[in-house]
Amino acid sequence: MTPTYLEHVDGTRFRDLNGNGVLDPYEDPRLSVDQRVDDLLARLSLEEKAGLMMHSIVRVTTDDDLDEPAVEGGRPSVREFVARRFVTHLNVHRIPDPRSMARWANQVQALAEQSPHGIPVTISTDPRHSFTENWGASFSAEYMSAWPEPLGLGALGDEGLVREFTDIARREYLAIGIRSALHPTLDVATEPRWARQYSTFGQSADRVARLGLAYLDGFEGAGGVGPDSVACMAKHFPGGGPQRDGEDPHFPYGREQDYAGGMFEYHLEPFRRAIAHGVSAIMPSYGVPIGLELDGERIEEVAFGFNRQILSGLLRGTLGFDGVICADWSLITESRIGDKTLPPRAWGVEHLSEVDRVEKSLLAGVDQFGGEDDPRWIVELVESGRLPQSRVDESVRRLLAVKFRLGLFEDPYVDEDSAADIVGSEEFRAAGHRAQVASTTIVSAAGVALPVVSGTRVHSPDIDEEVLARAGFVPAQAEDAEVVVVRIAAPFEPRDHYLLESAFHAGSLEFADSDVERIRQLAAVAPVIVVVHLERPALLAPVLPSAAAVVAVYGSSDAAVLEALTRTGAARGVLPFDIPRSIDAIRAARSDVPGDTADPLFRAGV
């Protein structure tokens, strides 16, 4: 779909977004972003401004119907959000095939053209280029090219590879109309039990910072956001890694962030560098700082999205950040699908009403509310005199500036016919495959010769025989095998009380006795190569006596695993975090200190 342009008397082509037949300053591509923002801001109603400050979840439909509820539970439709609530930041979860997604994105932009000022929609997504399916945090690649999780990129530590990945991901996003990436995760993985480590670059703050800047280069561009960019939202400020007992702050039992080791600055460092680099948006953590003092001042023990000392004081003041601060999803209201609920992540301010929470968050420095649907809160606060409209204007100015820099006002549409050729192209998939292979980490290999030579009789209870044969092996039964390959995942405790909880692999890192016994029995027949998917640092000690080799992957296909085992020098990854020796060592460690477990089994970087 191509936008319609008018021609001004001086020959300037422009989109008549408000339908008045006149080239208004905000429609004039020759003017600066600040000039265009000033003009449009002065034209907007309070309701339009409030709509800009919501970042709502919607359902992508394939039947050209924008009136379907956004998600289960009767939430608003796309038409309700865009045409009546003036919400112009839409977050998508499950997406269809590329062409259908591109068509939907164009339909949404056509709907937005009918609003009073034709403000285009910014479509956003969580990460969706790897293997982990956690719809509260990330999605599997599906139609996209598949790469190792960021933890695998951390295992390589290669800034050039990160730029290659993010450039490809950017092009795939652009092809289907996605212009906002709710990533990168700049948290530092210092608590071994934390469920979100797979989306980090590991336990080294310097490595997280270096790779984070390369990530921003690939998505936003080295010179900052422009018409070919996808705007990034770095998270979870000021660092979401030091979670007490490794629990996640999505849930009431995981709200506390501990700084017993005094490492607040260590976790802040990647954000310092991303802010200096010019990242366009920041998402605060859900977490509550426990016992934290900065410059002699005790920090209020409320979630960071409500914390004025952290957002206005540290982020805006000390660090000088003037981009968008977007609260993490559902900070104000509960989440509900079917019989599953999750309380609002209003940790520390649960006693406040919804509108009071909005006020506290805005006064803390938040510009936009992720996963929320109701702009009337902001209208009510302004009309009641509790919030000056000037405070709303500050946020709207920042939000509009990103839309203008992205070039959405000039052309928000995508080419539906080319989307399928770009997304998941053979070239892009091949690049992702190479990264999967390279990120593989040989943790130990004392009992078997690596690489495994072609023609070896291999048994695997976890990999299809056709895949083994394509890799050059002779598929065999266990009793006839020369080598056995076992694929296992890092253990976790299944939980399913709260909405989203089952997707967060938290709790114990100890393997079940049945897993250890399975490997022991196979080792009695032939040398066993244990390939473990490390989304967290699994406790490998019980596995080692039966394993001829232990190989770590961070999101890899079976084909990539086998290539890494058969090609000399193919596996180049190093451990992005320590592998602790025991659960007792983890319990005794300080959650904010990297590598703080006593006598680890394997050290990061080796």
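As a reminder, the structure under discussion sits directly above these lines.
Everything quoted here is computed from the prediction, not taken from an experiment. (Residues numbered from 1 in each chain as written. Predicted model: local features only at pLDDT ≥ 70, side-chain atom pairs only at ≥ 80, totals over all residues. Heavy atoms only, no water.)

Asks: Looking at this structure, I do not really get empty space enclosed by the protein. What am I missing?
Replies: Gaps between atoms show up when a probe of the same size as a water molecule is rolled over them. The final tally for this structure, using the stated rule, is eight cavities of 30 Å³ or more. Lining the largest cavity are 22 residues, and of these Pro127, Arg128, His129, Glu149 and Pro150 lie nearest its centre. Of all elements in the fold, only α5 (150–156) and α6 (159–175) reach the threshold of two or more residues within the lining of the largest cavity. When its volume is computed, the second largest cavity comes out at roughly 130 Å³. Mapped by element, the contributors of at least two residues to the lining of the second largest cavity are β7 (231–237) and α12 (389–405). Looking at the lining of the second largest cavity, the element that brings in the most residues is β7, giving three residues. By residue class, the composition of the lining of the second largest cavity is seven nonpolar, six polar and no charged. (1 Å grid on protein atoms, 1.4 Å probe; cavity = no way out; pocket = protein on both sides within 12 Å on 5 of 7 lines; lining within 4 Å. Points joined across faces, edges and corners; volume = space filled by probe spheres on them. Helix = DSSP H or I, 4+ residues; strand = E, 2+ residues; numbered from the N terminus. Nonpolar A, V, L, I, M, F, W, Y, C, P; charged D, E, K, R; others polar.)

Asks: Mind showing me how you'd approach the nonpolar core here?
Replies: Nonpolar side chains in soluble globular proteins tend to be buried together. Membership of the largest hydrophobic core comes to 132 residues, with the highest contact counts inside it found for Trp104, Phe237 and Leu400. Within the second largest apolar cluster, 31 residues are counted, among which are Ala490, Ile519, Leu522 and Leu540. (Core = buried A, V, L, I, M, F, W, Y, C linked by side-chain atoms within 4.5 Å. Buried < 20%, exposed > 50% of the residue type's maximum accessible area, 1.4 Å probe, protein only.)

Asks: In this structure, what is going on with the state of the cysteines? I would like to understand it.
Replies: Put plainly, two cysteines are in a disulfide when a covalent bond ties their sulfur atoms together. If you walk through the whole model with that rule in mind, you get zero disulfides. In this structure cysteine 232 is a free cysteine whose sulfur lies 14 Å from that of cysteine 326, the closest cysteine sulfur available. Relative accessible area serves as the criterion here: at 0%, cysteine 326 is assigned to the buried category. (Disulfide = S-S within 2.5 Å.)

Asks: Please explain the packing of helix α1 (residues 33–43) against α12 as it appears in this structure.
Replies: A packed helix pair is summarised by two numbers, namely the angle formed by the two axes and the spacing between the axes. Packing of α1 against α12 brings their axes to within 9 Å, and their N-to-C directions diverge by 130°. The pairing of α1 with α12 is recorded here as oblique in orientation. Crossing hand, α1 versus α12: right-handed. For the pair α1 and α12, the contacting residues are Val33, Arg36, Val37, Asp38, Leu40 and Leu41 in the first and Asp393, Val396, Arg397, Leu400, Ala401, Phe404 and Arg405 in the second. (Axes fitted to C-alpha atoms, helices over the stretch in contact; angles between N-to-C directions. Parallel < 35°, antiparallel > 145°, perpendicular 65-115°, else oblique. Left-handed = near helix turned anticlockwise from the far one by under 90°. Contact = heavy atoms within 4.5 Å.)

Asks: Is there a simple way to think about the packing of aromatic side chains in this case?
Replies: Centre distance and the angle of the planes are the two values used to describe a pair of aromatic rings. Following the criterion strictly, the structure yields 13 aromatic pairs and no others. Ring plane angle 50° and centroid distance 5.1 Å describe the contact between tryptophan 147 and phenylalanine 165, whose orientation is recorded as tilted. Of the two residues, tryptophan 147 sits in the loop between β5 (122–125) and α5 while phenylalanine 165 sits in helix α6, which places them 18 residues apart along the sequence. Accessibility assignment for this pair places tryptophan 147 and phenylalanine 165 in one class, buried. Note on tyrosine 215 and phenylalanine 219: the rings are 5.4 Å apart at their centroids and 40° apart in plane angle, and the pair reads as tilted. Of the two residues, tyrosine 215 and phenylalanine 219 are both situated in helix α7 (residues 205–219); the distance of four residues between them amounts to about one turn of the helix. (Phe/Tyr/Trp six-rings, centres within 6.5 Å; stacked < 30°, edge-to-face > 60°.)

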